[in-house]
Amino acid sequence: LPGSDAAVFLVREADKILASTSDCNSLYCAQDRREGARIAVAEAARNLSCVGAEPVAVTDNLNFGSPEKPIGYWQLANACTGLAEACTAFNTPVTGGNVSLYNETFDAEGKPVPIYPTPVVGMVGIVNDITQVCGQGWQNTGDRIYLLGEPVLTPTPQVTLGASEYLATLHQTVAGQPPAVNFDLELKVQAACRHGIHQGWIKSAHDSSEGGLAVALAECCISGNKGVAIDLGKITQRRDTALFGEGGARIIVSI
């Protein structure tokens, strides 16, 4: 399924339609190993839900520095704790994986330093009906746009510029705490999205993640080759946070 948050494909031997995706934000993990891993699982599940698939299982690819150094071992242990917590919340067992250790890069002075902790999550989901899937691009002129989950008009602690692409790209800064995962809200938002897709109400769905709401809306425009009219007049929080703040449990849908 081109132009969507997850790939959808037919496994002929099993006569099943599956969806798959992979995810990890190393900026989040650099600031909080445990929360970054939890976010990776939550976003992977959200990507599957955006195409109408039910998340069922996980594989992982754990990329870290040297576990022989206290900081490296601590990062690995905390990330694994976060993965376990998130997979338990989503009921998605880890069926296998891969570990890559002793990974280094070079800093601005040419000195070797460990890479950012990067616990990549691959997740697979089940699609029961191939006619009940959708992509991220706008479909019809005049459709209404809704944001499921965390609101945009007023500030919320779940949406932040901490460890964001906005800070890293425009201010060359990796700082602050990443958004905390609200598992209860994630499960409700994702279930609502899947239900809307299965009922035929939702014509497009795309999660707001790296880059925040502005980037997610732009991606919907690019995929659908259609523009969008958004009224920002009622926003009471800082515009940079409203447009580029990041946080989970947010899905943009058109109906």
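Right above here is the structure, for reference.
Each chain has its residues counted from 1, following the order in which its sequence is written. For this predicted model, a pLDDT threshold of at least 70 governs which residues receive local features, and a threshold of 80 or more governs which side-chain atom pairs are given and counted, while totals over whole chains, interfaces and linings are taken from all residues. Side-chain figures throughout are based on the complete set of non-hydrogen atoms in the structure, without hydrogens or water.

K.L.:
Go over helix H2 (residues 33–50), please, and point to the residues and values.
P.N.:
Strands are runs of DSSP state E lasting at least 2 residues, helices are runs of H or I lasting at least 4, and numbering of each runs from the N terminus. Here the expected span of a helix is defined as 1.5 Å times the quantity of residues minus one. The terminal C-alpha atoms of H2 lie 26 Å apart, and with 18 residues this matches the ideal 26 Å at 1.5 Å per residue to within 8%. Counting buried residues in H2 gives 17 out of 18 residues, a clear majority hidden from the surface. Structurally, the start of H2 carries an N-cap: the backbone nitrogen of Arg 34 is 3.3 Å from a side-chain oxygen of Asp 32. Of the residues trailing H2, Gly 52 is marked for its positive phi of about 95 degrees. Think of it in three bands: residues with accessible area under 20% of the maximum for their type are buried, residues over 50% are exposed, and the middle band is partly exposed, with areas taken using a 1.4 Å probe on protein chains only. We define a polar contact as two N or O atoms separated by no more than 3.5 Å, with the added condition that, inside protein, one atom must be a possible hydrogen donor and the other a possible acceptor, whereas residues neighbouring each other in sequence contribute only through side-chain atom pairs.

K.L.:
Quick one: what's the story with the packing of aromatic side chains, residue by residue and with numbers?
P.N.:
Any Phe, Tyr or Trp ring, taking Trp's six-membered ring, that has another such ring centre within 6.5 Å forms a pair; planes under 30 degrees apart are called stacked, those over 60 apart edge-to-face, and the others tilted. Enumeration over the complete set of coordinates arrives at 2 aromatic pairs. Note on Phe 90 and Phe 183: the rings are 6.0 Å apart at their centroids and 80 degrees apart in plane angle, and the pair reads as edge-to-face. One end of the pair, Phe 90, is in helix H3 (residues 70–90); the other, Phe 183, is in helix H5 (residues 183–199), with 93 residues separating them in the sequence. Across the pair, exposure class does not vary: Phe 90 and Phe 183 are buried alike.

K.L.:
Residues and numbers for the sheet that holds strand S9 (residues 204–207), please.
P.N.:
Pairing between two strands requires that DSSP report at least two bridges joining them. Pairing is antiparallel in the open sheet, where 3 strands are placed in the order S8-S10-S9. Each edge of the open sheet carries a strand with a single partner, namely strand S8 (145–149) and S9. Geometrically, the sheet is characterised by an average inter-axis angle of 25 degrees between neighbouring strands, direction not taken into account. Where S8 and strand S10 (residues 250–254) come together, 5 bridges link them in antiparallel fashion. Across the sheet, the residue bridging to Leu 148 is Ile 251, located in S10. For this analysis, residues touch if any pair of their heavy atoms sits within 4.5 Å. In this description, a line fitted to the C-alpha atoms serves as the axis of each element, helices being fitted only across the stretch in contact, and the angle between N-to-C directions of two axes falls anywhere from 0 to 180 degrees. On top of the sheet, H5 reaches S8, S9 and S10; it is set at about 140 degrees to S8, its chief contact. Strands in contact with helix H6 (residues 212–224) are S8, S9 and S10; relative to S9, the strand with the most contacts, it is inclined by about 145 degrees.

K.L.:
Any details on the environment of Arg 12? Residues and values, ideally.
P.N.:
The residue Arg 12 is located in the loop between strand S1 (7–11) and strand S2 (16–23) in this model. Spatially, the C-alpha atom of Arg 12 lies 29 Å from that of Gln 139, the residues being 127 residues apart in sequence.

K.L.:
Can you tell me about the pattern of salt bridges, naming the residues and giving the values?
P.N.:
What makes a salt bridge here is a side-chain nitrogen of Lys or Arg within 4 Å of a carboxyl oxygen of Asp or Glu, nothing more. Inspection of every chain in the model, using the stated rule, returns 8 salt bridges. For Arg 38, the salt bridge identified is with Glu 35, shortest N-O distance 3.3 Å. Taken together, the residues span about one helical turn, with Arg 38 and Glu 35 both in helix H2 at a distance of 3 residues. The shortest N-O distance in the salt bridge between Glu 186 and Arg 46 comes to 2.8 Å. In this pair, Glu 186 sits in helix H5 while Arg 46 sits in helix H2, placing the two residues 140 residues apart along the sequence. Take Glu 186 and Arg 46: they sit in the same class, and that class is buried. A network of salt bridges, in which partner residues are shared, links Arg 34, Glu 35, Arg 38 and Glu 85.

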